[in-house]
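Residue-level structural notes
The residues making up each chain are set out below.
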Amino acid sequence: MLEARNAGKPIGDARGEMGMVVNTFRYYAGAVERLLGEQIPVAGGVAFTIREALGVVGLITPWNFPLCIAAWKLGPALAAGNTVVLKPAELTPLTALRFAEIAARAGVPDGVVNVVVGPGRECGQRLVEHPDVAKIAFTGSTEVGRSIAAAAAGTIKRVTLELGGKSANIVFADADLERAATAAPGAVFGNAGQDCCARSRILVERACLDRFMEALEEAVATITVGDPLDEATQMGPLISAQQRDAVGSFVGPDAPVAIRGEAPQDRGFWFPPTVLCPVANDDRAAREEIFGPVAAVIPFADEAEAIALANDTIYGLSGSVWTRDGGKALRVARALESGNLSINSNTSVRVATPVGGFKQSGYGRELGPRALEHYTEVKTIFYNTEA
Ligand code: NAD
């Protein structure tokens, strides 16, 4: 309930995210026991590596999945033995503060979990510049990520960056079009489109464009947009008036609106699910991260063009390939410059598998067993057996 109120997200989604928060802590509680060092054959003695905690880690998080993304960092950071200072987004501080209270009640020692709230430019930047902070784990926009990487250089801080995306959902004519079209809205209108992994460019093979658009229109018509606290709601409002206006700037009078769903007209930062078609890959709607419920449909002729269009972006976070041809599916998935790809599915994130970006979608990976490595240093110890 607190997360639904915090971010204006549907209560069902918030409940699902809290489930993932729990699973993330459980996973890292076990995974840390398998964070193994190595014993390496060398002359004159025994060499081995151990992994040590970094010290104080700064966690800076966005407003779209507030506690969930914080947990992806808190879980491995704490399991590996660090202390943390969590700086949630200024629009969504409530669940981070509640988490700190619960951690204290659960017996986490004072000083291990700290939360500071406030504007990014003051609180966030202080953390990034502070000489006693060993690492910054950041999730947010590519623009802020760039400034964090630059500021962290001052103290040679370790940094992992999970940034924006403009992912492609590639639908070939030989796909199960019904399934692809039914899944497409969830992949771009989920969380009202405020999702870094949103497949906001839907690349459709020209040979099936009309059939796909018909099925997509039917699927969009079934989305229930409304009160986040109503169990039936699938899509809530946007986070702020500023975000609504930014999203609106992509749907001006000349925009090729092909599908527009329903949204309440009353008070609130509502925006209807909107599909633009056809869009060229160099249009603004295909290049910039909209971070709202607006999808751009881009037709393509063949496999080579689909790959070229999908990769023609500064981002590389997620993406999907829909086809019944297994060889083609793997070929295209291998060719895409992106950190997370799904075949005949639009899901990206699982606790047990790494998530993160290629290109300007960031570096480092969260979740999965290797996230722990990003919260540790490797120490090599040599024991001279000939002394
Ligand atoms: P944002 O970059 O505006 O802010 C993110 C966080 O950084 C906030 O806590 C903010 O206060 C802080 N911040 C802002 N300026 C700062 C500075 N100069 N120094 C230090 N900290 C600063 O992002 P947002 O608008 O909250 O979130 C949306 C963005 O996050 C989108 O671009 C989205 O794609 C991205 N995102 C990425 C992932 C991923 O896993 N790759 C996941 C979710 C969201």
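Data block above holds the structure.
Figured I'd write up the structure that's included with this text. Fair warning: this is a prediction, and the values are worked out from it, not measured in the lab.

This paragraph deals with the overall build of the chain. Counting secondary structure elements, the chain contains twelve helices and 16 strands. Relative to a compact globule of 387 residues, whose C-alpha radius of gyration would be 21 Å, the chain shows 22 Å and is just as compact. Seen through its principal axes, the chain has C-alpha atoms that stretch 80 × 50 × 35 Å. When burial is assessed residue by residue, the chain has 52% of its 387 residues classed as buried. Relative to all contacts within the chain whose residues are 6 or more apart in sequence, the contacts with residues 24 or more apart total 71%. Working note: accessible area of the chain is about 17500 Å², and carbon and sulfur atoms make up 54% of it. Taking the 36 positively charged and 44 negatively charged side chains of the chain as two groups, their mean positions are separated by 4 Å.

Time to look at the site of the ligand. In the vicinity of the ligand there are 27 residues, among which Thr61, Lys87, Glu90, Ser141 and Glu289 approach most closely. Contact distances for the ligand include 3.3 Å between an oxygen atom and a backbone N or O atom of glycine 140. Side-chain polar atom of glutamate 289 to an oxygen atom of the ligand: 2.5 Å apart, as the coordinates give it. For the ligand, whose unbound accessible area comes to 850 Å², protein coverage reaches 90%. Mapped onto the shell around the ligand, the elements with two or more residues apiece are α5 (120-129), β6 (133-139) and α6 (142-152). Taken together, the residues of the shell around the ligand sort by class into 13 nonpolar, ten polar and four charged.

Moving on to the packing of aromatic side chains. Counted by the stated rule, this structure contains four aromatic pairs. Between the aromatic rings of tyrosine 27 and tyrosine 28, the centroid separation amounts to 5.0 Å while the plane-to-plane angle is 85 degrees, which identifies the pairing as edge-to-face. Considering the side-chain rings of tryptophan 63 and phenylalanine 291, the 5.5 Å spacing of their centres and the 75 degrees angle between planes classify their relative orientation as edge-to-face. Of this pair, tryptophan 63 sits in the loop between β3 (56-60) and α3 (66-79) while phenylalanine 291 sits in the loop between α10 (284-287) and β12 (294-300), and the two are 228 residues apart along the sequence. Looking at lysine 135, its charged tip hangs above the ring of tyrosine 375, at a distance of 4.4 Å from the centre. One Lys or Arg, arginine 284, reaches over the ring of phenylalanine 250 and ends 3.8 Å from the middle of that ring.

Moving on to a negative patch on the surface. A cluster of acidic residues, Glu178, Asp210, Glu214, Glu217 and Glu218, forms a negative patch at the surface. Per-element accounting of the negative patch gives the leading share, four residues, to helix α8 (residues 209-221). Structurally, glutamate 218 is set in helix α8. When its relative accessible area of 57% is taken as the criterion, glutamate 218 is described as exposed.

Below, the discussion takes up the state of the cysteines. All told, the structure shown has zero disulfides when counted by the stated rule. Distance from the sulfur of cysteine 277, which forms no disulfide, to the nearest cysteine sulfur (cysteine 208) is 11 Å.

Conventions and cut-offs
- Residues numbered from 1 in each chain as written.
- Predicted model: local features only at pLDDT ≥ 70, side-chain atom pairs only at ≥ 80, totals over all residues.
- Heavy atoms only, no water.
- Helix = DSSP H or I, 4+ residues; strand = E, 2+ residues; numbered from the N terminus.
- Rg over C-alpha atoms; globule rule 2.2 N^0.38 Å.
- Buried < 20%, exposed > 50% of the residue type's maximum accessible area, 1.4 Å probe, protein only.
- Contact = heavy atoms within 4.5 Å.
- Areas by Shrake-Rupley, 256 points an atom, 1.4 Å probe, with all protein chains shown as cover.
- Lys, Arg positive; Asp, Glu negative; His and termini not counted.
- Charge placed at Lys NZ, Arg CZ, Asp CG, Glu CD.
- Near = heavy atom within 4 Å.
- Polar contact = N/O pair within 3.5 Å; in protein donor to acceptor, adjacent residues only side chain to side chain.
- Nonpolar A, V, L, I, M, F, W, Y, C, P; charged D, E, K, R; others polar.
- Phe/Tyr/Trp six-rings, centres within 6.5 Å; stacked < 30°, edge-to-face > 60°.
- Lys NZ or Arg CZ within 6 Å of the ring centre and 35° of its normal.
- Patch = residues over 30% accessible without salt bridge, like charges linked within 9 Å, V, L, I, M, F, W, Y side chains within 5 Å.
- Salt bridge = Lys/Arg side-chain N within 4 Å of Asp/Glu carboxyl O.
- Disulfide = S-S within 2.5 Å.

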